[in-house]
Amino acid sequence: MGIFDAFRKDEVTNTKVLVCQFGPDLRPKFDEQVKSDLRVYQRYYPAASSAMFTSIAELRGAAGHRYDILHLFCDVGENGTISDASGDRITGTELLKAAVESGVKLLWIGNDNTQQAYDAGFKTKGLKINAVLTLTRLGSNTSLFLDGLLTRMMAGETLAKAWSVAAEPPGKSVQPDVPRTVSSLGRGNVVLR
């Protein structure tokens, strides 16, 4: 990789999006958030789909279906793992690595989890993926923020630039619509159209 490759846009067209929930008991918990975020994605990517997974095997399988964006609602345990009813589990880092291997450009955990859980299990160093891990969703504001972010990318901005402007709009000292997240833009030069 040359020095100029770091500045080159990585443009994806016909972006594939999956908005999903993980866990048998989560449907009532995240239904409205899933529907809200899915509606936003479908405005920009009409083929965006949704799914519900109850096992780690299904979650791993979803990561392997070559989605460009994987927007996941799940509970992350204190030790940074995601577990199913049978006791099978995956660490956040293992999920990120599986996503990278299948070409995912953006993995977004869409619901609130603790900083400690993310710190314990989601190690992004050296991974060529954008990871957004939600700490505080702020209700429907996350969908509004997502809409602004996607609008900018559809206009040709890289994810890093779109994120920077959406998170800190020019002329605004306070951003009440911006969800609190832990973000790692390991592939920030990507444009998802």
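For the structure itself, consult the block above.
Please read all numbers here as calculations on a predicted model, not as lab measurements.

Calculation rules
Residues numbered from 1 in each chain as written. Predicted model: local features only at pLDDT ≥ 70, side-chain atom pairs only at ≥ 80, totals over all residues. Heavy atoms only, no water. Helix = DSSP H or I, 4+ residues; strand = E, 2+ residues; numbered from the N terminus. Buried < 20%, exposed > 50% of the residue type's maximum accessible area, 1.4 Å probe, protein only. Contact = heavy atoms within 4.5 Å. Pairing = 2+ DSSP bridges. Right-handed = clockwise from strand over helix to strand, strands pointing away. Core = buried A, V, L, I, M, F, W, Y, C linked by side-chain atoms within 4.5 Å. Polar contact = N/O pair within 3.5 Å; in protein donor to acceptor, adjacent residues only side chain to side chain. Axes fitted to C-alpha atoms, helices over the stretch in contact; angles between N-to-C directions. Arc of directions from axis to C-beta.

Asker: Account for the overall build of the chain, naming residues and giving values.
Answerer: In terms of regular secondary structure, the chain is built from six helices and ten strands. Taken over the C-alpha atoms alone, the chain extends approximately 45 × 40 × 35 Å along its principal axes. A burial count over the chain gives 50% of its 193 residues as buried. Residue pairs in contact within the chain that sit at least 24 positions apart in sequence constitute 79% of those at least 6 positions apart.

Asker: Explain the pairing of strand S7 (residues 106-109) residue by residue, including any values.
Answerer: The two faces of the sheet receive side chains in turn, since in a regular strand these alternate between them. Going residue by residue along S7, you find Leu106 and Trp108 tucked away on one face and Leu107 and Ile109 tucked away on the opposite face as well. Summarising the sheet, strand S4 (residues 69-73) and S7 pair through four bridges and their orientation is parallel. The residue of S7 that forms the bridge with histidine 71 is tryptophan 108. One ladder, built from four bridges, connects S7 with strand S8 (residues 130-136); its direction is parallel. Counted as the bridge partner of tryptophan 108 is valine 132 from S8. Following the chain from S7 across helix H4 (residues 115-121) to the adjacent parallel S8, one finds a crossover that is right-handed.

Asker: Residue-level account of the nonpolar core, with values.
Answerer: Membership of the largest hydrophobic core comes to 30 residues, with the highest contact counts inside it found for Phe22, Leu59, Leu72, Ile82, Leu95 and Phe122. For this core, the elements supplying multiple residues, two or more each, are strand S2 (17-22), helix H2 (56-63), S4, helix H3 (92-101), S7, H4 and S8. In this structure, leucine 95 is in contact with Leu59, Ala63, Leu72, Ile82, Ile90 and Leu107, ignoring residues within four places of it in sequence. Within the second largest apolar cluster, 29 residues are counted, among which are Val19, Val132, Phe145 and Val178.

Asker: A description of the environment of serine 55 should follow, citing residues and the corresponding values.
Answerer: Position of serine 55 relative to the elements: it lies in the loop between strand S3 (49-53) and H2. C-alpha separation for the pair serine 55 and asparagine 189, spaced 134 residues apart in sequence, amounts to 33 Å.

Asker: Describe the environment of alanine 47, with residues and values.
Answerer: As for its placement among the helices and strands, alanine 47 is situated in the loop between helix H1 (27-44) and S3. Along the backbone, alanine 47 and threonine 15 are 32 residues apart, and their C-alpha atoms lie at a distance of 8.6 Å.

Asker: I'd like a description of the side chain of asparagine 130, backed by residues and values.
Answerer: Along the chain, asparagine 130 turns up in strand S8. A polar atom in the side chain of asparagine 130 sits 2.9 Å from the backbone oxygen of lysine 105. Polar contacts involving the side chain of asparagine 130 include one to the main-chain amide nitrogen of glycine 188, which spans 3.2 Å. If near-sequence neighbours (up to four positions away) are discounted, asparagine 130 is found in contact with Lys105, Leu106, Leu107, Leu159, Ser184, Leu185, Gly186, Arg187, Gly188 and Val190.

Asker: Before we move on, could you go through the sheet that holds S3 and cite the residues and values that matter?
Answerer: With respect to topology, six strands assemble into an open sheet ordered S3-S2-S4-S7-S8-S9, the strand pairing being mixed. Looking at strand neighbours, the two that pair on one side only are S3 and strand S9 (180-185), the edges of this open sheet. For this sheet, the mean angle separating the axes of adjacent strands, direction not counted, is 15 degrees.

Asker: Which residues make up H2, and what values do they have?
Answerer: Where H2 is concerned, the buried positions are Ile56, Leu59, Ala62 and Ala63. All buried residues of H2 fall inside an arc of 120 degrees around its axis, so they share one side.

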